[in-house]
Amino acid sequence: MPSQSLIRSAAFTALCFYGVAAAAGGITVHVADANGKPVADAVVYLEADGGQPIPKPQKSAEISQKGLKFIPLVTVIQTGSKIYFPNNDKVRHHIYSFSAPHKFDQKLYSGTTADPQTFDKPGTVVLGCNIHDKMIAFVRIVDTPYFGKSDAGGDVTLDAPAGKYVLKAWHPDIVGGNAQEQAVRLADGTASASFKFTLKPPSTEPDAQAY
Ligand SMILES: [Cu+2]
């Protein structure tokens, strides 16, 4: 027969496990347009609002080129991160940005010979190709490691430690160009939030039919 103290210690252990699992919660976010249709490719992120330390960038990203398109169309990275630009087309591309947070000009190149670019200021960068006018891609640079992109169902889940945050959501076609935001407090368990966007008609799908 187990002793009282053994039972107590088992209960205490169960409580601790529960506490740890719950504190590792996050927030699930749904993004829809004015008609309630799910919005994919929305950039959703949590900015610390309670003086929490912000972990440094850990991940680099990749924007490849295939079929005369940038893939993916929308990329989100933390300020200070690098992006690589492998060219998987047989033709050469010449990629550039005129956007204030990071201007660059990567002259004609093939394969993996393009220099990676470091994006060290927050904001939005639009990429183009000097040869193929319809190629376009968007980079949203954010001051936080807690970010994601909505899927085809308009949903994204972010994991972050408990605390106060400003939850922001942005999309290349959002009217006015600015992120929407709302204050959230993450505690134990998973919170939820939603955004309703007014979007311009998409101007962002390059027509690569001929290739
Ligand atoms: Cu090109």
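Scroll up a little and you will see the structure.
This text gives an overview of the structure that appears in the document. Throughout, a residue's number is its position along its own chain's written sequence, starting from 1. Per-residue local features of the predicted model are confined to residues with pLDDT of at least 70, and side-chain atom pairs are confined, for both listing and counting, to 80 or more; whole-chain, interface and lining totals are unaffected and use all residues. Side-chain descriptors were evaluated using all non-hydrogen atoms of the structure, hydrogens and water having been removed beforehand.

## Thoughts on the overall build of the chain
The following threshold applies: In DSSP terms, a helix is any run of H or I states spanning at least four residues, a strand is any run of E spanning at least two, and both are numbered starting from the N terminus. The classification of residues rests on relative accessible area computed with a 1.4 Å probe and restricted to protein chains. Under 20% of the type maximum is buried, over 50% is exposed, and intermediate values are partly exposed. A contact between two residues is defined here by any heavy atoms of the two lying within 4.5 Å. The accessible surface values rely on the Shrake-Rupley method and a 1.4 Å probe; as for residues, cover is taken only from the protein chains in view.
In terms of helices and strands, the chain carries one helix and 17 strands. Relative to its 211 residues, the chain shows a buried fraction of 41%. A sequence separation of at least 24 residues applies to 64% of the contacts in the chain between residues at least 6 apart. Of the accessible surface of the chain, which amounts to about 11,800 Å², a share of 55% is contributed by carbon and sulfur atoms.

## Here we look at the pairing of strand β6 (residues 74–78)
Note the threshold: If DSSP finds at least two bridges between two strands, the strands pair.
Most of β6 is tucked away, with five of its five residues classed as buried. Of the two faces of β6, the one lined by V74, V76 and Q78 and the one lined by T75 and I77 are each fully buried. The pairing of β6 with strand β12 (residues 136–142) spans five bridges and is parallel. Each bridged residue has a counterpart across the sheet, and for V76 the counterpart in β12 is R140.

## Digging into the nonpolar core
Which entries qualify depends on this criterion: As used in this record, nonpolar core signifies buried Ala, Val, Leu, Ile, Met, Phe, Trp, Tyr and Cys residues forming a set joined through side-chain atoms within 4.5 Å. Segmentation of the chain into domains, including their bounds, is taken from an automatic or database domain assignment.
In this structure, I27, V29, V31, V44, L46, L167 and F197 are the most contacted members of the largest nonpolar core, which totals 28 residues. When contributions to this core are tallied by element, the ones reaching two or more residues are β1 (26–33), β2 (43–48), β6, β12, β14 (155–159), β15 (163–170), β16 (180–186) and β17 (191–197). Each of domain 1 (1–45 + 161–199) and domain 2 (55–143) gives at least three residues to this core. Setting aside chain neighbours within four positions, we find V31 in contact with K37, P38, V39, A42, V44, G154, F195 and F197. Counting residues in hydrophobic clusters, the runner-up holds 18 residues, among them I63, Y109, M135 and V139.

## Focus on the packing of aromatic side chains
Just so we agree on the cut-off: Two aromatic rings from Phe, Tyr or Trp, using only the six-membered ring of Trp, form a pair when their centres are within 6.5 Å; if the ring planes differ by under 30 degrees the pair is stacked, by over 60 it is edge-to-face, and anything between is tilted.
Tallied over the entire structure, the rule returns five aromatic pairs. With a centroid separation of 6.5 Å and an interplanar angle of 90°, the aromatic rings of F104 and F119 are classed as edge-to-face. Residue F104 is found in strand β9 (residues 104–109), and its partner F119 is found in strand β10 (residues 117–119); the two are separated by 15 residues along the sequence. With a centroid separation of 6.1 Å and an interplanar angle of 90°, the aromatic rings of Y146 and Y165 are classed as edge-to-face. Taken together, the residues Y146 in the loop between β12 and β13 (147–149) and Y165 in strand β15 connect sequence positions 19 residues apart. Comparing Y146 with Y165, the two get one shared label, buried. By the ring-pair criterion, three or more aromatic residues cluster together here, those being F85, F104 and F119.

## Overview of the layout of surface pockets
Selection criterion: Space inside and on the surface of the protein is sampled on a 1 Å grid over the protein atoms alone, with a cavity defined as a set of points where a 1.4 Å probe fits but cannot get out and a pocket as an open set with protein on both sides within 12 Å along at least 5 of 7 lines; lining residues have an atom within 4 Å of a point. Grid points are joined across faces, edges and corners, and a volume is the space filled by probe spheres set on the points. Lys, Arg, Asp and Glu make up the charged group, whereas Ala, Val, Leu, Ile, Met, Phe, Trp, Tyr, Cys and Pro make up the nonpolar group; the residues left over, Gly among them, are polar.
Its boundaries defined by the atoms lining it, the second largest pocket holds a volume of some 150 Å³. Lining the second largest pocket, in full, are P57, Q58, K59, S60, A61, V76, I77, Q78, S81, P145 and F147. When grouped by side-chain class, the residues that make up the lining of the second largest pocket number six nonpolar, four polar and one charged.

## Here we look at the coordination of the copper ion
Using the following cut-off: Donor atoms (N, O, S) are those found within 2.8 Å of the metal centre, with the cutoff raised to 3.2 Å for Na, K and Ca; water is not part of the atom list, so apparent gaps in a site can occur.
Looking at the copper ion, the protein donor atoms are H93 (ND1), C129 (SG) and H132 (ND1), and they sit 2.0 to 2.1 Å from it. The sequence pattern describing where the donors of the copper ion fall on their chain is H-x35-C-x2-H. Placement of H93 in strand β8 (residues 93–97) and of C129 in strand β11 (residues 123–129) is noted, with a sequence separation of 36 residues between them. You'll find H93 and C129 in the same group, each marked buried.

## Describing the pairing of β9
Looking at chain direction, β8 and β9 are connected through four bridges and run antiparallel. Bridge assignment links S97 to a residue of β9, and that residue is F104. Between β8 and β9, which pair antiparallel and follow one another directly, the connecting turn spans six residues.

## A word on the sheet that holds β14
Note the cut-off: Lines fitted to C-alpha atoms define the axes, with helix axes restricted to the stretch in contact, and inter-axis angles between N-to-C directions lie between 0 and 180 degrees.
If you trace the three strands from one edge of the open sheet to the other, you get β14-β1-β17, paired in mixed fashion. At either end of the open sheet lies a strand with only one pairing partner, and these are β14 and β17. Along the sheet, successive strands turn relative to each other by an average axial angle of 25°, direction set aside. Alignment of β1 against β17, held across seven bridges, turns out to be parallel. Pairing of A32 across the sheet is with K196, part of β17.

Remember that the coordinates give geometry; whether it matters functionally is a separate question.
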